[in-house]
Structures are given as structure tokens and as C-alpha cells.
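Breakdown of the fold
These are the residues of each chain, in order.
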Amino acid sequence: MSSTVSHQRDKRSFDYAIRSGIAGGLAGCIAKTVVAPLDRVKILFQASNPDFQKYAGTWTGAYRAGLAIYRDGGARGLLQGHSATLLRIFPYAAIKFMAYDQWRALVIPNRDKETNFRRFTAGALAGMTSVIFTYPLELVRVRMAFHSRLSSSSDQTRPSFLRAMRVIYNEGSTSSPATRTTAAQIFERFPVLKFYRGFTVTMVGMIPYAGTAFLTWDFLRAHFFPVIDDHSKRPHPLANLAIGAVSGAISQTVSYPFEVVRRRMQVGGLTRPDRWLRWGETVRAVYASGGWRGFYVGLGIGYLKIIPMTAISFAVWQGGKSLLGV
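An unreviewed UniProt entry annotates the chain as Mitochondrial carrier domain-containing protein of Suillus plorans. In the Subcellular location (unreviewed entry) part of its UniProt record, the chain is described as follows: "Mitochondrion inner membrane".

1. Looking at a nonpolar patch on the surface
A cluster of nonpolar side chains, namely F14, I18, I22, L26 and F90, defines an oily patch on the protein surface of about 480 Å² accessible area. If you tally residues by element for the nonpolar patch, the top one is helix α1 (residues 14–34), at 4 residues. Along the chain, L26 falls in helix α1. By relative accessible area, which is 48% here, L26 ends up partly exposed.

2. Focus: the pattern of salt bridges
Taken as a whole and assessed by the stated rule, the structure comprises 8 salt bridges. Across the salt bridge formed by D101 and K321, the nearest N and O atoms sit 3.3 Å from each other. Separated by 220 residues along the polypeptide, D101 in helix α4 (residues 82–107) and K321 in helix α12 (residues 299–323) bring together distant segments of the chain. Considered together, D101 and K321 belong to a single accessibility category, that of buried residues. Residue E138 pairs with R262 through a salt bridge whose shortest N-O separation is 2.9 Å. Residue E138 is located in helix α5 (residues 116–146), and its partner R262 is located in helix α9 (residues 237–266); the two are separated by 124 residues in the primary sequence. For the pair shown, E138 and R262 are each scored as buried. Each of R104, E114, R119 and D218 takes part in one network of salt bridges that share partners.

3. Quick notes on the packing of aromatic side chains
Counted under the stated rule, the structure contains 12 aromatic pairs. Between Y100 and F214, the ring centres sit 4.0 Å apart and the planes meet at 15°, which makes this aromatic pair stacked. Residue Y100 is found in helix α4, and its partner F214 is found in helix α8 (residues 199–224); the two are separated by 114 residues along the sequence. The burial state of Y100 is the same as that of F214; both residues are buried. Ring geometry for Y196 and F199: centres 5.4 Å apart, planes at 75°, overall edge-to-face.

4. With respect to the UniProt feature "transmembrane region" (unreviewed entry) in the chain
With numbering aligned to this structure, UniProt lists the feature "transmembrane region" (unreviewed entry) at residues 195–217, 238–258 and 295–317. In this annotation, residues 195–217 is assigned 83% helix and 0% strand; the end-to-end C-alpha distance for the span is 32 Å. Strand forms 0% of residues 238–258 and helix 100%; the C-alpha atoms that close the span are 31 Å apart.

5. Structural notes on the packing of α4 against α8
Following both chains from N to C, one finds α4 and α8 inclined at 65°, their axes separated by 13 Å at the closest point. Considering only the axes of α4 and α8, their crossing is right-handed. Taken together, the residues of α8 that come into contact with α4 (itself represented by Y92, K96, F97, Y100 and R104) are M206, F214 and D218. A class-by-class count of the residues in the contact of α4 with α8 yields 5 nonpolar, no polar and 3 charged.

6. Side note on α1
Given a rise of 1.5 Å per residue, 21 residues ought to cover 30 Å, and the 31 Å separating the end C-alpha atoms of α1 matches this to within 8%. Considered for burial, the residues of α1 that qualify are Y16, A17, S20, G21, A23, G24, G25, A27, G28, C29, A31 and K32.

7. Focus on the packing of α5 against helix α6 (residues 161–170)
It is at 9 Å that the axes of α5 and α6 come closest, and there the two elements cross at 105°. It follows that α5 is roughly perpendicular to α6 by the angle criterion. Counted together, L137, L139, V140, R143 and M144 of α5 and F161, A164, M165 and I168 of α6 form the full contact between these two elements. Its residues placed into classes, the contact of α5 with α6 shows 8 nonpolar, no polar and 1 charged.

8. What to know about the environment of G24
Within the secondary structure, G24 sits in helix α1. Linking G24 and I95, residues 71 residues apart in sequence, is a C-alpha distance of 7.8 Å. If sequence neighbours within four positions are ignored, G24 has contacts with A93, A94, F97 and W317.

9. Describing the side chain of R88
Position of R88 relative to the elements: it lies in helix α4. What makes R88 buried here is its relative accessible area of 8%. For R88, the residues in contact, after removing those within four places along its chain, are K32, T134, L137, E138 and R141.

10. Things to note about the nonpolar core
Counting residues in each nonpolar core, the largest one holds 22 residues, and the members touching the most others are V131, V140, M144, M206 and M309. Membership of the second largest hydrophobic core comes to 15 residues, among which are A122, F214, L220 and F225.

11. Observations regarding α9
End to end, α9 covers just 36 Å across 30 residues, shorter than the expected 44 Å (1.5 Å per residue, more than 12% under). Along its length, α9 shows its largest kink, about 60°, at S255, and proline P257 lies within four residues downstream of that point.

Here is what the cut-offs are and how they apply
Residues numbered from 1 in each chain as written. Predicted model: local features only at pLDDT ≥ 70, side-chain atom pairs only at ≥ 80, totals over all residues. Heavy atoms only, no water. UniProt positions renumbered as here; feature names shortened; annotations may be inferred. Patch = residues over 30% accessible without salt bridge, like charges linked within 9 Å, V, L, I, M, F, W, Y side chains within 5 Å. Areas by Shrake-Rupley, 256 points an atom, 1.4 Å probe, with all protein chains shown as cover. Salt bridge = Lys/Arg side-chain N within 4 Å of Asp/Glu carboxyl O. Helix = DSSP H or I, 4+ residues; strand = E, 2+ residues; numbered from the N terminus. Buried < 20%, exposed > 50% of the residue type's maximum accessible area, 1.4 Å probe, protein only. Phe/Tyr/Trp six-rings, centres within 6.5 Å; stacked < 30°, edge-to-face > 60°. Axes fitted to C-alpha atoms, helices over the stretch in contact; angles between N-to-C directions. Left-handed = near helix turned anticlockwise from the far one by under 90°. Contact = heavy atoms within 4.5 Å. Nonpolar A, V, L, I, M, F, W, Y, C, P; charged D, E, K, R; others polar. Expected span 1.5 Å × (residues − 1). Parallel < 35°, antiparallel > 145°, perpendicular 65-115°, else oblique. Core = buried A, V, L, I, M, F, W, Y, C linked by side-chain atoms within 4.5 Å. Bend = angle between axes of the 7 residues up to and from the residue.

Dropping the structure here:
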């Protein structure tokens, strides 16, 4: 394989977009599978599952929480919700990476316009594009991961993907018409909206997360592998892993408080099925339960998850694009 790669390809072509999307989708699936157990524990911490709050706040707590999950449900318990993750992550990652290539070509049409702000903008737009198309699958995944048999004495069944969808769809339907809030009446009329709990905070949080991740990725690659005469040295896979890891660490730190608020709103249908939780009350609830540290609960395990996940996803995406000829 040549050590240099030309930058004269037509990145706006349909063929390029499809190939980049396939590489991105596979990269996302591989990366998510590697960190699936950590993701399960992190969701339980972020959403304040009562069975696991005693483990939150320490590095050893994540390990002890993982052992508790394993004792309760074995390996399947650690992977609970992963089926929904894979159903979501392939289109999510495919759209995100494909959209990034397309948005970047539009926002940065030539090297003269290659600024950090434009890099950030292209990444943020790519992340928001992927969320718009895949958010309901994300909500189902979070609900499946949040469920724990310890707190569900009336129902010992591990939730399947379809069962989780039915539960979300029917939330609040048993309340009497006289006691329903305005939000409950809207949910009753448009039940599909139940699959968009936490959508606004997700979209807002995606701006710093995806924007910072792609900005860092693009900046470091340009710094260490600059384009000279429309050619650049192809980075070694280990270099892509390292750059992806740094990108993941920085983006996670910047956007983490949004993620905590988002998780609380996503599981809100379990605690308040008749209401649409608002930003303000969710932020106040997080602060009341843990002060400013409450917005960073699970950040340690978040690093353990996001750094390898981002590293693997970026590296496999680049490797996949190379194999597919783009």
C-alpha cells in the first residue's frame, strides 16, 4: 500500500458517501461491542438506578457494579441492551461519519478555508444529523440498559427490544383522563413523541461532543500528517488510535454534564410517565442529589469507555475506508 494518499477524490460523490458510511457503521459496531459492559454500568450510574448508587463515585465502584451485574445476570447482564445498541449504532455511526465527510467538504471546500471553527462546525453538524435519524433507537437502548431485576420484583423478565418499545409506547396510558397533564394528553395523541424524551438536550449536547471530537481529530491529523502538494502521508493505524483516544477524552470532558441530564430525561418515562421532564427541573434534580459533582457522576468510567471506543471507531473507520478504496 502506498504511504501517501491523494486528496483529489470526489468526496461529494454518492459512491464515496456510501463507502464511507459502511466503514463508519462497521467501526461503530466494533467499538461499541468492545466497551458494552462499561456502557451498561455508566448508564446505571448516570440515571441514578437505586440498586447501583452505592457503587457510584469511585473507580472501584465501577468494578463492583460490574460484578453485581454479572452475578445477577451473567455475561448477558453485562450486555443487556446491546442488541438495541447494535441496531442503533450501525446507522448512527454510518450517518455520522458519512455526514462528516459531506459536511466537511461543504464547509471546508479548500485548504484556504480550513480553520478550527469550520472543523468544529462540520463535526457538530455531522453529530446532529446522525441523532435526528437514530434517536428513538438510542432511547430504547438506554431503557434496556437501565432495567435491573433487583428493583423489579414484580417483573423479573429481562426487557427485550420489542418489549422495551411497547413499554415506552404505552407509558402513561393507564392514567385517568381527568388526572392527565397537558404533556400526557399530547403523548396520548402523538405517542411517537414518547421516543423523543431528552431529544433537545441530546441535540444541544451533541454540538460540543461531536464538534470537539472531530475538531481534535482533524487538527491533530493535519498537524502530524500535513498535506503537501495535495498528498499526505497515510497515518499508521496506531497513530489513528492515539489521535482518536485524545479526541474522545477531550470531547467527553466538554460534553459530559449534558450527557448526565440527557440520561435522566431519557429514563423519566419510568418515574414520571405522565410528564415530559424539562431541562430546568432535571438540572435541579441532578444538583440536588449530588451538587456540581452530580453532573460528573460516572465520568471516570466514561473515560474508560469513551477513550477506547473513540480510538477504535476512528481507526477502524480509516482502515475500512482504505480497504474500500476511499
